[in-house]
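Descriptive analysis of the structure
What follows is the residue order along each chain.
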Amino acid sequence: MAEPKIFELNNGIMQVKVSNFGCTITSLSVPDKDGNLGDVVLGFDTLEPYLKGAAPYFGCIVGRVANRIKDGKFTLNGVEYALPINKPPNSLHGGHKGYDKVIWDVAEYKQGDNPSITFKYHSHDGEEGYPGDVSFTATYTITSKTTMRLDMEGVPENKATPINLAQHTYWNLAGHNSGKILDHTIQIWANHITPVDQNTVPTGEILPVKGTPFDFTTENKIGSRINEVGIGYDHNYVLDCGDEKSGLKHAAKLKDPISLRTLNLWTDAPGMQFYTANYVNGVVGKGGAVYEKQSAACLETQGFPNAINEPKFPSVVVKPGEKYKHSMVFEFSAE
């Protein structure tokens with residue numbers, strides 16, 4: 001059994017720490033407008049709290065299926081599957097022991113100007129209720145001075161299965177210990193969302209954001225209308241209007257007005273969960289920082305939640321002989 005460790009990717013400007021436990025980004029430091037490095041992700045100083053389950057999905061890759069599956073049930077090729085109900089009444093982020101809570105193997109680890117690390121994991125038939133064996137890889141690469149790329153792949157070996165991995169980092173561009181992100185601005189290249197029921201599961205509708213508090217088609221403060229959406233944002237946006245660059249769509253632009261640190265996110269996924277850390281409540285993190293509600297934003301590019309039960313949503317089923325691919329680029333600057 002491999003042991004959990006933290007690895008560093010460092011090109012002299014950007015520093016990323018990532019663990020083979022859940023492919024978890026524990027720290028990511030980038031410069032502000034004055035060149036001062038700041039760690040912009042919520043997390044812990046050591047692996048122990050992650051191993052003990054103290055992290056509300058800080059920094060990890062979640063799967064086999066990210067987000068919620070209604071009532072933990074789906075039918076595929078005539079077989080009904082029952083999944084663990086770990087977020088009643090639904091199954092969330094792969095179940096009790098999703099890919100965020102397993103040790104991945106390190107397949108390759110390269111230093112230098114474009115440091116990278118590749119993790120691999122073999123998921124077996126029946127794991128957390130899901131059908132079929134699947135071989136996964138996830139590669140983090142620092143591709144330029146302040147840009148990181150993540151490429152994820154999954155190859156089903158013997159059965160069709162739903163696959164929907166997501167990267168679940170909690171971002172605070174002012175610094176992980178700087179409190180609420182309500183003054184951050186965000187732009188999301190989405191004209192539509194998938195509205196949710198009282199258990200945060202999509203209803204199956206796809207509705208326009210225009211004229212609603214979900215409209216971030218132009219840059220706006222996260223806190224400007226957050227009180228109109230219950231406890232905060234936790235919704236899947238349909239990425240349908242962004243520019244494309246090297247096969248990836250512009251998904252979101254997050255910016256801290258004080259440090260001017262800016263994150264532009266690009267992806268080839270059809271959706272993105274915009275989540276404002278509504279359930280984070282007094283988690284003691286790095287350096288003793290206390291993380292409270294709305295102290296970060298998650299930008300989880302993904303297939304639509306509960307797509308396995310919604311025929312109108314883009315399919316997340318991958319068959320043997322096909323390959324699941326999901327890439328994203330995190331482009332930092334200080335504008």
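Counting restarts for each chain: residues are numbered from 1 in the order of the written sequence. A pLDDT threshold of at least 70 governs which residues receive local features in this predicted model, and a stricter bar of 80 or more applies before side-chain atom pairs are shown or counted, although totals over entire chains, interfaces and linings include all residues. To get the side-chain values, all heavy atoms of the structure are used, and hydrogens and water are removed first.

Another aspect to go through is the overall build of the chain. Across its full length, the chain carries one helix and 30 strands. As defined in this context, the radius of gyration uses C-alpha atoms, and a globule is described by 2.2 Å times the residue total to the power 0.38. Relative to the 2.2 N^0.38 estimate, which gives 20 Å for 335 residues, the radius of gyration of the chain is 19 Å and therefore close to what a compact globule would have. Overall, the C-alpha framework of the chain stretches about 60 × 50 × 40 Å when taken along its three principal axes. Think of it in three bands: residues with accessible area under 20% of the maximum for their type are buried, residues over 50% are exposed, and the middle band is partly exposed, with areas taken using a 1.4 Å probe on protein chains only. In the chain, which comprises 335 residues, the proportion classed as buried is 57%. Whether two residues are in contact is decided by their heavy atoms, any of which lying within 4.5 Å being enough. In the chain, of all internal contacts separated by at least 6 residues, the share reaching a separation of at least 24 is 66%. Numbering of helices and strands starts at the N terminus; helices are DSSP runs of H or I of at least 4 residues and strands are runs of E of at least 2.

This paragraph deals with the packing of aromatic side chains. Two rings from Phe, Tyr or Trp (for Trp, the six-membered ring) form a pair when their centres are within 6.5 Å of each other. A pair whose planes differ by under 30 degrees is stacked, one over 60 is edge-to-face, and the rest are tilted. Throughout the structure, instances matching the rule amount to 23 aromatic pairs. Aromatic ring contacts, followed pair by pair, group F44, Y50, F58, Y170, Y275, Y279 and Y291 into a single cluster. In this scheme, Lys NZ or Arg CZ marks a charge over a ring once it lies within 6 Å of the ring centre and within 35 degrees of the ring normal. The residue whose ring lies beneath K87 is Y279, and the NZ or CZ to ring-centre distance is 4.4 Å. Directly above the ring of F216 sits R225, whose terminal nitrogen or CZ lies 5.1 Å from the centroid.

So, on to the nonpolar core. Take the buried Ala, Val, Leu, Ile, Met, Phe, Trp, Tyr and Cys residues and link them wherever side-chain atoms come within 4.5 Å; each set so joined is a nonpolar core. Counting residues in each nonpolar core, the largest one holds 58 residues, and the members touching the most others are L28, Y140 and F274. Take this core: its biggest share by element is five residues, from strand β12 (residues 134-144). Excluding anything up to four places from it in sequence, L28 contacts M14, Q15, V16, G38, D39, V40, V41, M148, W171 and F332. Among the nonpolar cores identified, the runner-up in size contains 16 residues, and F21, A277, V283 and A289 belong to it.

Moving on: the UniProt feature "binding site: beta-D-galactose" (unreviewed entry) in the chain. UniProt positions are given in the numbering used here, feature names are shortened, and annotations may be inferred rather than shown by experiment. The residues that UniProt annotates with the feature "binding site: beta-D-galactose" (unreviewed entry) are N67, R68, H168, T169, Y170 and D234. You can see N67 is positioned in the loop between β5 (61-62) and β6 (68-69). Among all residues touching N67, those that are not within four sequence positions of it are S91, L92, H93, Q273, Q302 and P305. Of the polar contacts made by the side chain of N67, one reaches the side chain of Q273; its length is 3.0 Å. With respect to the element layout, H168 can be found in the loop between β15 (166-167) and β16 (170-171). Residue H168 is classed as buried on the basis of its relative accessible area, which comes to 3%. Excluding residues within four positions of it along the chain, H168 makes contact with P56, Y57, F58, G59, C60, V62, H93, Y275, C298 and E300. Whenever a nitrogen or oxygen atom comes within 3.5 Å of another N or O atom, the pair is scored as a polar contact, on the condition that within protein one atom can donate a hydrogen and the other can accept it, and that pairs from neighbouring residues in sequence are kept only if both atoms are in side chains.

Here we take up the UniProt feature "active site" (unreviewed entry) in the chain. In the numbering used here, UniProt assigns the "active site" (unreviewed entry) feature to H168 and E300. For the annotated residues, spread through 133 residues, the largest C-alpha to C-alpha distance comes to 5.7 Å, consistent with a single compact locus. Polar side-chain contacts of H168 include one of 3.4 Å to the side chain of H93. Relative to the elements of secondary structure, E300 occurs in strand β28 (residues 297-302). A residue is classified by how much of its surface remains accessible, and E300, at 2% relative accessible area, is buried. Dropping the residues within four chain positions of it, E300 is found in contact with H93, A166, Q167, H168, G271, M272, Q273 and Y275. A polar contact of 3.4 Å, which involves the side chain of E300, links it to the side chain of H168.

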